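Examination of the molecular architecture
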Amino acid sequence: MILVFGSLNADFFLSVQTFPLPGETVLTPGALIKAGGKGANQAAAAAKAGGLVKMIGAVGTDEVAKVPVTALKALGIDCSGIQVSQLATGMAMIMVDGQGENSIVVASGANTTVSADAVAQTVLNEETILVMQMEVPPEENFKLLRRAKAAGAKTILNVAPARAISESDLKLADYLILNEIEADTVYSALFEKTFLGIEEKAAAISDKTGGVCLITTGADGVVGAQRGDIFKASALPVCPVDTTGAGDAFVGIFAAMLDNGLDTRQAVRYAAAGAGLACLKIGAQESLPTLKEIESRIEEIKIS
Ligand code: RIB
């Protein structure tokens, strides 16, 4: 079972040709409201790829809460662990430019009230894959990570958004999944210096923390390091419409494939194919692929 502990948001999408400069106003015909939040997106990606998923998070008592929760329920995700907070449901303002790149501001609201204590001990065992990101209070993440490790669960930490984390907390993650900015932040905090190459960075983080380190680099694919072994996976060749949530798709699909019994490299291939397919429509969860859709493109992902 895949247990996702993390954020749920309603995403407000604004399409722009180019991002406004400070002091500039640009017009767009209208906003689109979609389900989002890194935690919810990862849960949705895992479920769409065939995983059995339980979501733990928090939303407000407002109408906006229906946006992320309804989407997860429609995918058969167990939402009984979603707490109700007095704060407003998390909201993200997302501008997407003509190249499909985004710029995001999140109003965290209810996500700041998520508590690890609400996670029953019975869902933490050797069959559990715990998936986390950094849009909920970090101390709650690490509290739950400690319990999960003690219970024999596999743990995946996606350090998004980027944040410096202590070596002892990073060691709680069996898999660290980072984009390039996040990798720089994690690396600089661990080694108190910056580093040049992505492969060296992945290797150094993996050596220091003892886990697998995966660094996603968009159109350049993924670099992985696992106990001294370095590998690369190519990216799916696509023309992105919106890259929002592509990283979340990678994490969720990776978790689902580990749960299916695939090894790290094979799970990375599936996750890389799925992340590419997730860029084809506006919205973080709109173009999440099914397992069949991923399989139809898997041969295009080369591992070296
Ligand atoms: O990773 C994309 C997500 O980041 C969006 O869905 C938005 O809600 C923010 O959390």
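Note that the coordinates shown come from a computational prediction; the quantities given were computed from them, not determined experimentally.

1. Some points on the overall build of the chain
Summing up its helical and strand segments, the chain has nine helices and 13 strands in all. In terms of overall size, the chain behaves like a compact globule, its C-alpha atoms giving a radius of gyration of 18 Å where 304 residues would be expected to give roughly 19 Å. If you line up the chain on its principal axes, its C-alpha atoms span 50 × 40 × 40 Å. Scored against the burial criterion, the 304 residues of the chain give a buried share of 53%.

2. Quick notes on the pairing of strand E13 (residues 229-233)
Direction of pairing for strand E12 (residues 222-226) relative to E13: antiparallel, over a ladder of five bridges. The residue bridging Val223 from the neighbouring strand is Lys232, located in E13.

3. So, the packing of aromatic side chains
Tallied over the entire structure, the rule returns three aromatic pairs. Where Tyr175 meets Phe254, the ring centres are 5.3 Å apart and the plane angle is 70°; that geometry is what we call edge-to-face. Residue Tyr175 is found in strand E10 (residues 175-179), and its partner Phe254 is found in helix H7 (residues 246-259); the two are separated by 79 residues along the sequence. This pair shows no difference in class: Tyr175 is buried, exactly as Phe254 is. Seen from their ring centres, Phe250 and Phe254 are 6.3 Å apart, and the 5° between their planes marks the pair as stacked. Note that Phe250 and Phe254 are positioned in helix H7 at a spacing of four residues, about one turn of the helix.

4. Re the packing of helix H1 (residues 38-48) against H7
Running from N to C, H1 and H7 point in directions that differ by 45°, and their axes come no closer than 7 Å. In terms of orientation, H1 and H7 fall into the oblique class. Crossing of H1 over H7 shows right-handed handedness. Between H1 and H7, the contacting residues are Lys38, Asn41, Gln42, Ala45 and Ala46 on the first element and Asp248, Ala249, Val251, Gly252, Ile253 and Ala256 on the second. For the contact of H1 with H7, a count of residues per class yields six nonpolar, three polar and two charged.

5. Some remarks on the sheet that holds strand E4 (residues 53-59)
Strand order in this open sheet of nine strands is E5-E4-E1-E8-E9-E10-E11-E12-E13, and the pairing throughout is mixed. Looking at which strands have only one partner, the edges of the open sheet turn out to be strand E5 (78-84) and E13. The average undirected angle you get between the axes of adjacent strands in this sheet is 15°. Alignment of strand E1 (residues 2-5) against strand E8 (residues 129-132), held across four bridges, turns out to be parallel. Residue pairing for E8: Ile2 is matched across the bridge by Ile129. Helix-sheet contacts for helix H8 (residues 264-277) involve E10, strand E11 (212-216), E12 and E13, and the interaxial angle to E13 is about 25°.

6. Here we look at the sheet that holds strand E3 (residues 31-36)
Sheet strands line up and pair through hydrogen bonds in the backbone, either parallel or antiparallel. Spatial strand order, E3-E2-E6-E7: four strands in an open sheet with mixed pairing. Single-partner strands in this sheet number two, and they are E3 and strand E7 (102-107). Averaged over all adjacent pairs, the angle separating strand axes in this sheet is 25°, with direction ignored. Sheet analysis places strand E6 (residues 90-96) next to E7, joined by six bridges and oriented antiparallel. Each bridged residue has a counterpart across the sheet, and for Val96 the counterpart in E7 is Asn102. Each of strand E2 (9-15) and E3 touches helix H2 (residues 66-74); the most contacted strand, E3, lies at about 55° to it.

7. Looking at H1
The element H1 is largely enclosed, with a buried count of 10 among its 11 residues. Residue Gly50 follows H1 closely and has a positive phi angle near 105°.

8. Re the site of the ligand
Taken together, 13 residues surround the ligand, and among them Asp11, Gly37, Lys38, Glu135 and Asp248 come closest. Contact between the ligand and Gly37: an oxygen atom at 2.9 Å from a main-chain N or O atom of the residue. Contacts to the ligand include Asn41, whose side-chain N or O atom sits 2.9 Å from an oxygen atom. Look at the ligand: alone it shows 280 Å² of surface, and the protein chains cover 97% of it.

9. As for the side chain of Asn9
As for its position among the elements, Asn9 is in strand E2. A polar side-chain atom of Asn9 sits 2.8 Å from a polar atom in the side chain of Asn111. Leaving out residues up to four positions away in the same chain, Asn9 has contacts with Lys34, Ala35, Gly36, Gly37, Pro68, Gly90, Met91, Ala92, Val106, Asn111 and Glu135.

Rules used throughout
Residues numbered from 1 in each chain as written. Predicted model: local features only at pLDDT ≥ 70, side-chain atom pairs only at ≥ 80, totals over all residues. Heavy atoms only, no water. Helix = DSSP H or I, 4+ residues; strand = E, 2+ residues; numbered from the N terminus. Rg over C-alpha atoms; globule rule 2.2 N^0.38 Å. Buried < 20%, exposed > 50% of the residue type's maximum accessible area, 1.4 Å probe, protein only. Pairing = 2+ DSSP bridges. Phe/Tyr/Trp six-rings, centres within 6.5 Å; stacked < 30°, edge-to-face > 60°. Axes fitted to C-alpha atoms, helices over the stretch in contact; angles between N-to-C directions. Parallel < 35°, antiparallel > 145°, perpendicular 65-115°, else oblique. Left-handed = near helix turned anticlockwise from the far one by under 90°. Contact = heavy atoms within 4.5 Å. Nonpolar A, V, L, I, M, F, W, Y, C, P; charged D, E, K, R; others polar. Near = heavy atom within 4 Å. Polar contact = N/O pair within 3.5 Å; in protein donor to acceptor, adjacent residues only side chain to side chain. Areas by Shrake-Rupley, 256 points an atom, 1.4 Å probe, with all protein chains shown as cover.

Functional significance is not addressed by these values, which are geometric in nature.
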